[in-house]
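# Working through the structure, step by step
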Amino acid sequence: MIVKTFNFPVFLDGNCYLVYDENSSEAVLVDCGRGINKINSYCAEHGITVKYVLLTHGHFDHITDGSEWQKRGAKIFVHEADADKLYTQGSLGGRFGLLTNSKHFHADNILKGGERLELCGLEFEVIHTPGHTPGGVCYLADNALFSGDTIFAGSYGRTDFPGGSIDSLVSSAAKLFSIDNARNITVYPGHGPVSNLEYEARNNPVNYVIL
Ligand SMILES: [Zn+2]
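Residues numbered from 1 in each chain as written. Predicted model: local features only at pLDDT ≥ 70, side-chain atom pairs only at ≥ 80, totals over all residues. Heavy atoms only, no water.

## Here we look at the sheet that holds strand 10 (residues 144-148)
To be explicit about the condition: The criterion for strand pairing is that DSSP finds at least two bridges linking the strands in question. Strands here are runs of E lasting at least two residues and helices are runs of H or I lasting at least four, both read from the DSSP assignment and numbered beginning at the N terminus.
Taken in spatial order, the 6 strands make up an open sheet running 7-8-9-10-13-14, and their pairing is mixed. The two strands at the open ends of the sheet, each matched to only one other strand, are strand 7 (116-119) and strand 14 (195-196). Pairing analysis gives 3 bridges linking strand 9 (residues 137-141) to strand 10, with the strands arranged antiparallel. When the bridges of strand 10 are listed, L140 appears paired with L145.

And the structure:
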C-alpha cells in the first residue's frame, strides 16, 4: 500500500493523503482540503484515478475540493453526524481569513462507524472518534491510521468549535491507543507531520487531560 502525502503549509499545514495499492489504477483520497490540481497531476503521472474521498470530518479545511472531486466522478464518504457540514458552513474559510472557492455538496455515502470498507483493493476500517467534531472518524488501513484532527504528532484536536467535546476526544484517543500492534502503525494526521501510534499512546498530551 502506498500513502502519498500532500501537505499545504500555508493552508493550516493541512494534509491530504492519496492511498493506493501498487497493483491498482484506482486510489482513495483521505480528506480534500486543497490541492486537486497537484493531486491530479500526480495521478496522471502514475496512471491512477481517485475513485473515493474519505472525509475525517466536515470542517472546511478538510472538504474544500469536495464538489470538484465529485464532478470528476469520485464518491465521498462522511460520518452521519458531520454530513450537514458539507452544505451548511456559511463562509467556510472566511472566519480564518482564508480564501476558498469551496462549493456546498452532499456526501454519496454516510458512515456510522465500525464499517470495513473495501475500496480499490484495500480495506479501510472506520473508527468513530468524536470530540473535535461529533462526526469525526479515523480510518485504519493496513498499518496506516488516518487520524484527522483527533490526534496529531504530539498534540490533539481543538474542542472549542461547535459540537466539540474534550470528554469525547479523550475517550476517542484512548480508543485509538488501544489498537493492536500500535508499534507498527504510522499515524497520518489532518495537520502537521506523521507519527507512530505507540509513541503517541505513550507521549501524547491528551493522556494528561484532567476532565
Ligand atoms: Zn477540524
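More follows now that the structure is in view.
## Here we look at the pattern of salt bridges
The cut-off we apply is this: Put simply, a salt bridge is a Lys or Arg side-chain nitrogen that is within 4 Å of an Asp or Glu carboxyl oxygen. The buried label goes to any residue with under 20% of its type's maximum accessible area, the exposed label to any with over 50%, and the partly exposed label to all in between, with areas taken from a 1.4 Å probe on protein chains only.
Using the criterion set out here, one finds 8 salt bridges in the structure. The salt bridge involving E68 is made with K71; its shortest N-O contact spans 2.9 Å. With E68 and K71 both in helix 3 (residues 66-71) and 3 residues apart, this pair spans about one turn of that helix. Given the relative accessible area of 61%, K71 is considered exposed.

## Observations concerning helix 1 (residues 36-46)
Three or four residues apart is the spacing at which side chains of an α-helix point the same way, because the helix has 3.6 residues per turn. The following threshold applies: The arc in question is formed by the directions pointing from the helix axis toward the C-beta atoms. By definition in these notes, contact holds between two residues if any of their heavy atoms fall within 4.5 Å.
Within the span of helix 1, buried status applies to I36, I39, Y42 and C43. Down the axis of helix 1, the smallest arc covering the buried residues is 130°, so these residues share one side. Exposed positions of helix 1 whose direction lies more than 90 degrees from the buried face are N37, A44 and E45. Buried residues along helix 1 sit in contact with strand 1 (2-8), strand 2 (14-20), strand 3 (26-30), strand 4 (49-54) and helix 3. Positive backbone phi, at 65°, marks G47, one or two positions downstream of helix 1.

## Things to note about the packing of aromatic side chains
Worth spelling out the cut-off: Between 30 and 60 degrees the pair is tilted, below 30 it is stacked and above 60 it is edge-to-face, where a pair is any two Phe, Tyr or Trp rings, Trp via its six-membered ring, whose centres lie within 6.5 Å.
Throughout the structure, instances matching the rule amount to 7 aromatic pairs. Measuring from ring centre to ring centre gives 5.7 Å for F6 and Y42, while their planes differ by 85°; the resulting arrangement is edge-to-face. Highlighted residues: F6 in strand 1 and Y42 in helix 1, separated in sequence by 36 residues. Y42 matches F6 in its accessibility class, with the two residues each being buried. Taking 6.3 Å as the distance between ring centres and 90° as the angle between the ring planes, the aromatic pair formed by F11 and F60 counts as edge-to-face. Taken together, the residues span a long stretch of sequence, with F11 in the loop between strand 1 and strand 2 and F60 in helix 2 (residues 60-63) at a distance of 49 residues. On the basis of relative accessibility, which here comes to 5%, the residue F11 falls in the buried class. By relative accessible area, which is 5% here, F60 ends up buried. Linked through ring pairs, F6, Y20 and Y42 together constitute an aromatic cluster.

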